[in-house]
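# Reading the structure
Spelled out from the first residue to the last, the chains are:
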Amino acid sequence: KQEVTQIPAALSVPEGENLVLNCSFTDSAIYNLQWFRQDPGKGLTSLLLIQSSQREQTSGRLNASLDKSSGRSTLYIAASQPGDSATYLCAVDRTGANNLFFGTGTRLTVIP
Amino acid sequence: DTEVTQTPKHLVMGMTNKKSLKCEQHMGHRAMYWYKQKAKKPPELMFVYSYEKLSINESVPSRFSPECPNSSLLNLHLHALQPEDSALYLCASSQPMGGGFHWETQYFGPGTRLLVL
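Scope of this entry: the structure provided in the associated data block.

What counts as what
Residues numbered from 1 in each chain as written. Chains lettered and ligands numbered in written order. Predicted model: local features only at pLDDT ≥ 70, side-chain atom pairs only at ≥ 80, totals over all residues. Heavy atoms only, no water. Pairing = 2+ DSSP bridges. Helix = DSSP H or I, 4+ residues; strand = E, 2+ residues; numbered from the N terminus. Axes fitted to C-alpha atoms, helices over the stretch in contact; angles between N-to-C directions. Salt bridge = Lys/Arg side-chain N within 4 Å of Asp/Glu carboxyl O. Buried < 20%, exposed > 50% of the residue type's maximum accessible area, 1.4 Å probe, protein only.

Backbone hydrogen bonds hold the strands of a sheet together, and the pairing may be parallel or antiparallel. All names here are of chain B. With respect to topology, 4 strands assemble into an open sheet ordered β1-β3-β8-β7, the strand pairing being antiparallel. Both edges of this open sheet fall to β1 (4-7) and β7 (64-70), since each of them pairs with a single strand only. Taking the axes of each pair of neighbouring strands and ignoring which way they run, one obtains an average angle of 20 degrees across the sheet. With 5 bridges connecting them, β7 and strand β8 (residues 73-79) associate as antiparallel partners. Within the sheet, the bridge partner assigned to E67 lies in β8 and is N75.

All names here are of chain A. Scanning the model with the defined rule gives 7 salt bridges over all chains in all. Where R37 meets D39, a salt bridge forms, and the shortest distance between an N and an O atom there is 2.8 Å. The exposure class assigned to D39 is partly exposed, which follows from its relative accessible area of 29%. A salt bridge links R61 to D84; the shortest N-O distance between them is 2.9 Å. With R61 in the loop between β6 (56-59) and β7 (62-67) and D84 in the loop between β8 (72-77) and β9 (86-93), this pair connects stretches of sequence that are 23 residues apart. Its relative accessible area of 7% is what places D84 among the buried residues.

This is the structure we're talking about:
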């Protein structure tokens, strides 16, 4: 049974700091791994999608890596800003049909 | 237009009521999804419609009944819900990648916040 865990559960950093969010999954037979952000009470916004054959993806200040063999992914945020404050969720696609299984989330607060 | 819309934004219903949630997208996406999200928890997949056919039903109670009238619309019919069904209900859609076997990332709507009394 797939379990997806994110550590830490909550994180507060001062503005401008670089930070890393972690995601681990127990079953390495995944098609892709995706990172989303969710603002309080809102829907999810897709940030990055890494196919199982890829090692990393970059978008602006965000960089996500994937190590399937160890069941880990990291999301690196450079030069954090108060607007980055949100909950960050990783999700694994178990079937290739976009049947997403979400992690427990990390609530990030960037302090001005 | 990369928007998924959901109506209503908020819904309060009694345990004997029948209500429906509506989701719409005009991006030409061929898969649509319903998720349930309890407070401070991650979203949990409920149903997946692929090319307007129900392809995944994650053992959801029959008091939730999905319907996909066409490729742009997805409804969730609610009947005889329980207070523990109170949650944020999220709809999403996505598009197949070039070969059609894998799917691109999902676009989410803002959700319907449901309270069952």
